[in-house]
Amino acid sequence: MTLGLLLTSVTSLPTAGFAQQAVSPMLDLPMPGDRDACPVCGMFPARYPDWIATVLFKDGHADHFDGAKDLFKYLLDMPKYASGRKAEGIDRMGVTDYYATERIDARSALYVMGSDVLGPMGHELIPHPDRYDADEFMKDHQGKRAVTFEEVTMALLLGLDKGEFQLT
């Protein structure tokens, strides 16, 4: 499944490209407990509060991640990581805004890759609520590229794991 299909199956909320990027709203999502493990890597997201990403399902179940990179791996391979759950069951998805350290809507955030900022799992997609913050972060931290939710692919994520950055 592509993220575009996931996006349309999860909700009909509008998403914005760079030309019309709106500010990603803050979200009210549950926090991970001390024993909640990331379904992708097994780390404990509560130990990394500045990096938490969350998928909240309509039935109230939440999966938490220690960064946006693992959130996207989960979304792009739900049969492997989501134990029988479907994208259609997702209510909300949030990532932690780098500067404000508040969780924002994952669908409308911008993600900077290739910066000098590393997350708990190494090279990371750094979430920002709008183009202004993403551009400032790229200047301050030598970011290579900003991508939208829909532009994230498994190849991009696997490249990040190796320290390789797809620049186009």
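Use the structure listed above.
In every chain, residue numbers begin from 1 and rise along the written sequence. Per-residue local features are limited, in this predicted model, to residues with pLDDT of at least 70; the limit for side-chain atom pairs, both in listing and counting, is 80 or more; totals at the level of whole chains, interfaces and linings are taken over all residues. Values shown for side chains rest on all heavy atoms present in the structure; no hydrogens or waters enter the calculation.

A.B. asks: Would you mind going over empty space enclosed by the protein with me for this structure?
C.D. replies: Where empty space is left becomes clear once a probe the size of a water molecule has been rolled over the atoms. Residues are said to line a cavity or pocket when one of their atoms sits within 4 Å of a point; the points come from a 1 Å grid over protein atoms alone, cavities being sets where a 1.4 Å probe fits but cannot get out and pockets being open sets with protein on both sides within 12 Å along at least five of seven lines. Grid points are joined across faces, edges and corners, and a volume is the space filled by probe spheres set on the points. Summed over the entire model, instances satisfying the criterion amount to 1 cavity of 30 Å³ or more. There is about 30 Å³ of room inside the largest cavity. Lining the largest cavity are Trp51, Ile52, Gly67, Ala68, Val95, Thr96, Leu125 and Pro127. Polar here means any residue other than Ala, Val, Leu, Ile, Met, Phe, Trp, Tyr, Cys and Pro, which are nonpolar, and Asp, Glu, Lys and Arg, which are charged; Gly is therefore polar. Residues belonging to the lining of the largest cavity are distributed by class as follows: 6 nonpolar, 2 polar and no charged.

A.B. asks: It is not clear to me how the sheet that holds strand 2 (residues 62-65) should be interpreted in this structure. Could you clarify?
C.D. replies: Hydrogen bonds between backbone groups are what pair the strands of a sheet, and the pairing can be parallel or antiparallel. When DSSP locates at least two bridges between a pair of strands, those strands are taken to pair. Secondary structure elements are defined from DSSP: runs of H or I of at least 4 residues count as helices, runs of E of at least 2 residues count as strands, and each element is numbered from the N terminus. The 4 strands lie next to each other as 2-1-3-4, forming an open sheet whose pairing is antiparallel. With one partner strand each, in any of the chains shown, strand 2 and strand 4 (103-105) form the two edges of the open sheet. Looking at each pair of strands side by side, their axes are set apart by 25° on average, direction ignored. Where strand 1 (residues 53-57) meets strand 2, 4 bridges bridge the pair, whose relative direction is antiparallel. Each bridged residue has a counterpart across the sheet, and for Leu56 the counterpart in strand 2 is Ala62. In the packing of helix 2 (residues 68-76) onto the sheet, contacts are made with strand 1, strand 2 and strand 3 (90-96), and the angle to strand 1 comes to roughly 35°. Inter-axis angles, ranging from 0 to 180 degrees, are taken between N-to-C directions of lines fitted to C-alpha atoms, where helices are fitted over the stretch in contact. Working rule for contacts: check all heavy atoms of both residues, and any pair within 4.5 Å makes them a contact.

A.B. asks: Even after reading the chapter, I still don't get helix 4 (residues 131-141), so can you show me in this structure?
C.D. replies: Each turn of an α-helix holds 3.6 residues, which means side chains three or four residues apart point in the same direction. Residue burial is assigned from relative accessible area. The probe radius is 1.4 Å, only protein chains are included, and a residue is buried under 20% of its type maximum, exposed over 50%, and partly exposed in between. Listing the buried residues of helix 4 in full gives Asp133, Ala134, Phe137, Met138 and His141. Angular distribution of buried residues about the axis of helix 4 spans 135°; they occupy a single face of the element. Seen from the buried face of helix 4, the exposed residues on the opposite side, beyond 90 degrees, are Tyr132 and Lys139. Looking at the buried residues of helix 4, the elements they touch are strand 5 (110-113), strand 8 (126-128) and strand 9 (145-148). Think of a polar contact as two N or O atoms within 3.5 Å of one another; within protein, one of them needs to be a possible hydrogen donor and the other a possible acceptor, and neighboring residues in sequence only count if both atoms come from side chains. At the N-terminal end of helix 4, a side-chain oxygen is found 3.2 Å from the backbone nitrogen of Tyr132, two or three residues along, and the residue is Asp130. One or two residues past the end of helix 4 sits Gln142, with phi positive at roughly 55°. Relevant arc is that of directions from the helix axis to the C-beta atoms, nothing else.

A.B. asks: Would you explain the pairing of strand 1 in this entry?
C.D. replies: Each regular strand carries side chains that alternate between the two faces of the sheet. With 5 of 5 residues buried, strand 1 is to be regarded as a mostly interior element. Here strand 1 shows a buried face lined by Ala53, Val55 and Phe57 and a second buried face lined by Thr54 and Leu56. Counting the residues that bridge the hairpin from strand 1 to strand 2 gives 4 residues, and of these Gly60 lies at a positive phi of roughly 95°. In terms of strand pairing, strand 1 meets strand 3 through 5 bridges, oriented antiparallel. Looking across to strand 3, one finds that Val55 is bridged to Met93.

A.B. asks: I would appreciate a short explanation of the pairing of strand 5 in the present structure.
C.D. replies: By the alternation rule, side chains of strand 5 split into Leu110 and Val112 and Tyr111 and Met113, which are all buried. As paired strands, strand 5 and strand 8 are joined by 3 bridges and run antiparallel to one another. The residue of strand 8 that forms the bridge with Leu110 is His128. Two elements, strand 5 and strand 9, share 4 bridges in a ladder whose sense is antiparallel. Looking at the pairing, Val112 lines up with Ala146 of strand 9.

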